[in-house]
Amino acid sequence: MAKHSINLLQLDLLPAKALWTLSRVVGLWLVTLVVMVALIFIAQLQLNRLNAEFDRENSISSKQKAQLQTLESAIGANRKDAELLAQLNTVKLVIANKQHLHQQLTDPTQTYSAGFSNAMAELAALHNNNIFLKGVNIGNGDMTFSGVARTPDAVPNWLSGFESSTFLSGKRFINFSLTENEQQLTEFVVSSAPGKGE
């Protein structure tokens, strides 16, 4: 069979297909639009969340400021009255003095807390025929005895008996004086207080 037509169109004469066609550009625009809408939606969600958190923190801050003002008002209303404060200090001082006095009166280690009757009873129990007491001074933890002894050694012998006494034991006598009077009797002063025997 004879060929009646000749194909003069060759492949290299055909125009190259364009990379950016209308459908591709439209598709890219649609994808970009979807991505942008998604990003806007996510950003809006985050903005809403941050706004809600800001509102919550702002509400807490407002409540705390109101509470601070209330407390400052309460503090202002509770200012100490100078007269009441002076009365309180006076009462505290009186209580402290009474507690100190009670401690002094009930402390068995203090000389005068045991009472003069106990001291007199123990001095009577320590009676020595060679000792004649003329003065007894007991107070503020100190004691002074003055009197006359028939012999000089009677005074140390009498003082040595204090060791068996609960009231007088442990006392340290730091002043001791012996003098002979005109009747040739020994006058003595024994004291636990400084300066009493000089």
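Every value quoted in this text rests on a predicted model; they were computed, and no experiment measured them. (Residues numbered from 1 in each chain as written. Predicted model: local features only at pLDDT ≥ 70, side-chain atom pairs only at ≥ 80, totals over all residues. Heavy atoms only, no water.)

A. Representation of the overall build of the chain in the model. Secondary structure summary: the chain contains four helices and four strands in total. Taken from the N to the C terminus, the helices and strands of the chain come in the order α-α-α-β-β-α-β-β. A burial count over the chain gives 17% of its 198 residues as buried. A fraction of 49% describes how many contacts in the chain between residues 6 or more apart in sequence connect residues 24 or more apart. Summing over all exposed atoms, the chain offers an accessible surface of approximately 15900 Å²; the carbon and sulfur share of this is 60%. (Helix = DSSP H or I, 4+ residues; strand = E, 2+ residues; numbered from the N terminus. Buried < 20%, exposed > 50% of the residue type's maximum accessible area, 1.4 Å probe, protein only. Contact = heavy atoms within 4.5 Å. Areas by Shrake-Rupley, 256 points an atom, 1.4 Å probe, with all protein chains shown as cover.)

B. Here's a closer look at the side chain of N181. Counting through the fold element by element, N181 comes out in the loop between β3 (175-180) and β4 (186-191). A polar contact is formed between the side chain of N181 and the backbone nitrogen of Q183, at a distance of 3.1 Å. (Polar contact = N/O pair within 3.5 Å; in protein donor to acceptor, adjacent residues only side chain to side chain.)

C. Representation of a nonpolar patch on the surface in the model. A surface patch of nonpolar side chains, amounting to about 1000 Å² of accessible area, comprises L19, W20, L22, V26, L28, W29, L30, L33 and V37. If you trace the backbone, L33 turns up in helix α1 (residues 22-77). (Patch = residues over 30% accessible without salt bridge, like charges linked within 9 Å, V, L, I, M, F, W, Y side chains within 5 Å. Salt bridge = Lys/Arg side-chain N within 4 Å of Asp/Glu carboxyl O.)

D. View of the packing of aromatic side chains. Taken as a whole and assessed by the stated rule, the structure comprises two aromatic pairs. With a centroid separation of 5.7 Å and an interplanar angle of 80°, the aromatic rings of F145 and W158 are classed as edge-to-face. Here F145 is found in strand β2 (residues 142-149), whereas its partner W158 is found in helix α4 (residues 154-160), with 13 residues between them in sequence. We note that F145, like W158, is buried. Every member of this aromatic cluster is reached through a ring pair, and the members are F145, W158 and F188. (Phe/Tyr/Trp six-rings, centres within 6.5 Å; stacked < 30°, edge-to-face > 60°.)

E. Looking closely at the pairing of β2. Counting buried residues in β2 gives six out of eight residues, a clear majority hidden from the surface. The pairing of strand β1 (residues 131-139) with β2 spans eight bridges and is antiparallel. Of the residues in β2, the one forming a bridge with V136 is F145. Two successive antiparallel strands, β1 and β2, enclose a turn made up of two residues, where N140 displays a positive phi of approximately 55°. (Pairing = 2+ DSSP bridges.)

F. Focus on unusual backbone geometry. Its identity is not glycine, yet Q184 carries a phi of approximately 65°, on the positive side. One can find Q184 in the loop between β3 and β4.

Just distances and angles here, no functional claims.
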